[in-house]
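Single-letter residue listing:
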Amino acid sequence: NTQNHKSSGSQNNLKVITKTVIKETKTAWDFLYKYRAVFLIAIPIILTIHLRSFPATLPITDDWAQNSVMQNLQGNIAAQINQQYPNLPEQNRNSLVQRQIDSVMQQQGDQIKQQIASTSAYFKSRMQDDSGQTYLLAIDPYLWYAFAKNKVEYGHWGDKMVNGQSLITRRSGRDEYPSAGSAMPALAVFVYDIANYFTDISILTALFYLPILLSLIAVVGIFIVGRKVGGNTSATIAASIVAIHASLLSRTISGFSDTDNLITVVEVITVLAFAIAFEKRETKQKWIYGILAGVTMAIGTLAHKSWWHIFDFLIGALGIYFMFMIWKVWKEEKSIVKTIKHKTIKSIVYLGATYTIITPFSIALIRMTMGANFFQTLWQSIYLPFAGPLMFMNIKQVGVTSVWPNVLTTVAELNTSSIGSVISQIGGKLLFWTA
């Protein structure tokens, strides 16, 4: 009876434990499922920060130091053995060298580790300033650094003020010319001002980490776009690709503080606004987000002159969808008038017209505040989306309109590439056609 009682008690305890585990597991799963979007977006966010932070700590110098110290140790031991045993076969000599290295590591392991650490610190010092801040990674970021540094030190974008006009004298052969700054240094100064409310950082540090902040905005924006298109799975994959893609990563890593970062953010926000406008059913909301997409695109012109390519992509995609829906609605209605007046067709026209009209007008207004002629800028903004691709294809032509050398032929960023090379860089034919 006692044994049966104990056995029954053990079974009851096991049942209670099992029920508790199942209940707690279900509670945890319900929590994870409820906030799944938060946990999923954390994946590309962590990838973005992790992969773009390597220049800040320069962990590669540890490998350099390890190889340098060990190669030096191996070289010294090998030289001693060669001197003592000049006729020793190579296989025996290598074995003897390895035994000597193992012996030295056992006896002087701590000293060697300190030597590796000091060597790594030396390598880092060659790529960092006195405060331990890694230098910027390319040439162009130093132009933005110069503007941002002037703003912090002198209160304006130049290094000299004459008759109320900001001038820069440390560029283009030391000629003095007006300095109006740019979007990258303006953002760097903004980050610098915000950060210095809480801590003390240099303008170099603010500019250095700016690519990570901008990349985070782009990743979150792409996650939202992907979620609208295909749910959480689509969003996670799309955002992760933006986080890890080699072509984008190499141009948006910390320290590579160039306009590539701004272009990415502006295009993502533009596509996001366009996607929201596309899915809205009410005409008013479609207009609002269409206007937002156009204004964002106009702001993007401050980042780079090649704004027209994402404009063409969006209008082209909408145009293809428009033709498809014309065919589909006409097939159902069998009437041109009913097809033209169909709600879906009208909504596509509203979005396309809003985006196409607002973008050049917004560009002209923004440029007018910077001293440009409104109507001239408006005309340029209208024809550039059509002429831009043709103009860009001829950017490296020589001897077309001038006998002078075209320096753009020497710019590595403008090297031509085949369609096949482009497809291979984004993951190959399978991923290309899947996308």
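Above this text is the structure in question.
Residues numbered from 1 in each chain as written. Predicted model: local features only at pLDDT ≥ 70, side-chain atom pairs only at ≥ 80, totals over all residues. Heavy atoms only, no water.

**Q** I'd love a proper account of the overall build of the chain, names of residues and values included.
**A** Assigned secondary structure in the chain consists of 17 helices and three strands. For the chain, whose C-alpha radius of gyration is 31 Å, the value lies well above the compact-globule estimate of 22 Å for 435 residues. If one aligns the C-alpha atoms of the chain with their principal axes, the spans along those axes are about 95 × 95 × 50 Å. Split into buried and exposed, the 435 residues of the chain put 33% on the buried side. For the chain, contacts bridging at least 24 residues in sequence account for 61% of all contacts bridging at least 6. Surface exposure of the chain reaches about 27,800 Å², of which carbon and sulfur atoms provide 62%. Placing the 37 positive and 25 negative side-chain charges of the chain at their respective mean positions leaves the two points 14 Å apart. (Helix = DSSP H or I, 4+ residues; strand = E, 2+ residues; numbered from the N terminus. Rg over C-alpha atoms; globule rule 2.2 N^0.38 Å. Buried < 20%, exposed > 50% of the residue type's maximum accessible area, 1.4 Å probe, protein only. Contact = heavy atoms within 4.5 Å. Areas by Shrake-Rupley, 256 points an atom, 1.4 Å probe, with all protein chains shown as cover. Lys, Arg positive; Asp, Glu negative; His and termini not counted. Charge placed at Lys NZ, Arg CZ, Asp CG, Glu CD.)

**Q** So what's going on with the pattern of salt bridges? Residues and values would help.
**A** Following the criterion strictly, the structure yields four salt bridges and no others. For K124, the salt bridge identified is with D62, shortest N-O distance 3.6 Å. Here K124, found in helix α5 (residues 90-125), pairs with D62, found in helix α4 (residues 60-84); they are 62 residues apart in sequence, far enough to count as distant. The exposure class of K124 is buried, given its relative accessible area of 17%. By relative accessible area, D62 is classed as partly exposed at 39%. With a shortest N-O distance of 2.8 Å, E279 and K228 are connected by a salt bridge. Of this pair, E279 sits in helix α10 (residues 259-279) while K228 is found in helix α8 (residues 203-244), placing the two residues 51 residues apart along the sequence. Given the relative accessible area of 39%, E279 is considered partly exposed. By relative accessible area, which is 37% here, K228 ends up partly exposed. (Salt bridge = Lys/Arg side-chain N within 4 Å of Asp/Glu carboxyl O.)

**Q** Outline the pairing of strand β2 (residues 165-168), supporting the account with residue identities and numerical values.
**A** Pairing between strand β1 (residues 160-162) and β2: three bridges, direction antiparallel. The partner of V162 across the bridge, within β2, is Q165. In sequence, β1 turns back onto β2 through a hairpin of two residues, with N163 there showing a positive phi of about 55°. Where β2 meets strand β3 (residues 177-178), two bridges bridge the pair, whose relative direction is antiparallel. Bridge pairing links I168 to Y177 in β3. (Pairing = 2+ DSSP bridges.)

**Q** So what's going on with the side chain of T359? Residues and values would help.
**A** As for its position among the elements, T359 is in helix α14 (residues 343-369). Note on T359: relative accessible area 0%, which makes it buried. Discounting chain neighbours no more than four positions away, the residues touching T359 are G294, M297, A298, W307 and F311.

**Q** For the nonpolar core, give the residues involved together with the corresponding values.
**A** Membership of the largest hydrophobic core comes to 35 residues, with the highest contact counts inside it found for M184, I203, L207 and L210. Elements with a contribution of two residues or more to this core: α6 (140-154), α7 (183-195), α8 and α10. It is α8 that contributes the most residues to this core, 15 residues altogether. Excluding residues within four positions of it along the chain, L210 makes contact with M184, L187, A188 and V191. Counting residues in each nonpolar core, the second largest holds 22 residues, with A277, A298, W308 and L318 among its members. (Core = buried A, V, L, I, M, F, W, Y, C linked by side-chain atoms within 4.5 Å.)

**Q** Lay out the environment of V152 in plain terms, naming residues and giving numbers.
**A** Along the chain, V152 falls in helix α6. Sequence-distant contacts of V152, defined by excluding residues within four places in its chain, comprise Y192 and I203.

**Q** Give me empty space enclosed by the protein: which residues, what numbers.
**A** One pass over the full model with this rule turns up two cavities of 30 Å³ or more. Roughly 60 Å³ of volume is contained in the largest cavity. Lining the largest cavity, in full, are I263, V266, E267, M297, G300, A303, H304, S306, W307 and I310. Of all the secondary structure elements, the ones that give two or more residues to the lining of the largest cavity are α10 and α11 (283-300). In terms of residue count, α10 provides more of the lining of the largest cavity than any other element does, three residues in total. Grouping the amino acids of the lining of the largest cavity by side-chain chemistry returns six nonpolar, three polar and one charged. (1 Å grid on protein atoms, 1.4 Å probe; cavity = no way out; pocket = protein on both sides within 12 Å on 5 of 7 lines; lining within 4 Å. Points joined across faces, edges and corners; volume = space filled by probe spheres on them. Nonpolar A, V, L, I, M, F, W, Y, C, P; charged D, E, K, R; others polar.)

**Q** With reference to specific residues and values, describe the packing of α10 against helix α12 (residues 308-333).
**A** Here α10 crosses α12 at 20°, and the two axes come no closer than 10 Å. When the axes of α10 and α12 are compared, the pair comes out roughly parallel. In this structure, α10 crosses over α12, and the sense of that crossing is right-handed. Side by side, α10 and α12 meet where E267, T270, V271, F274 and F278 of the first sit next to H309, I310, L314, L318 and Y321 of the second. (Axes fitted to C-alpha atoms, helices over the stretch in contact; angles between N-to-C directions. Parallel < 35°, antiparallel > 145°, perpendicular 65-115°, else oblique. Left-handed = near helix turned anticlockwise from the far one by under 90°.)

Keep in mind these values describe shape, not function.
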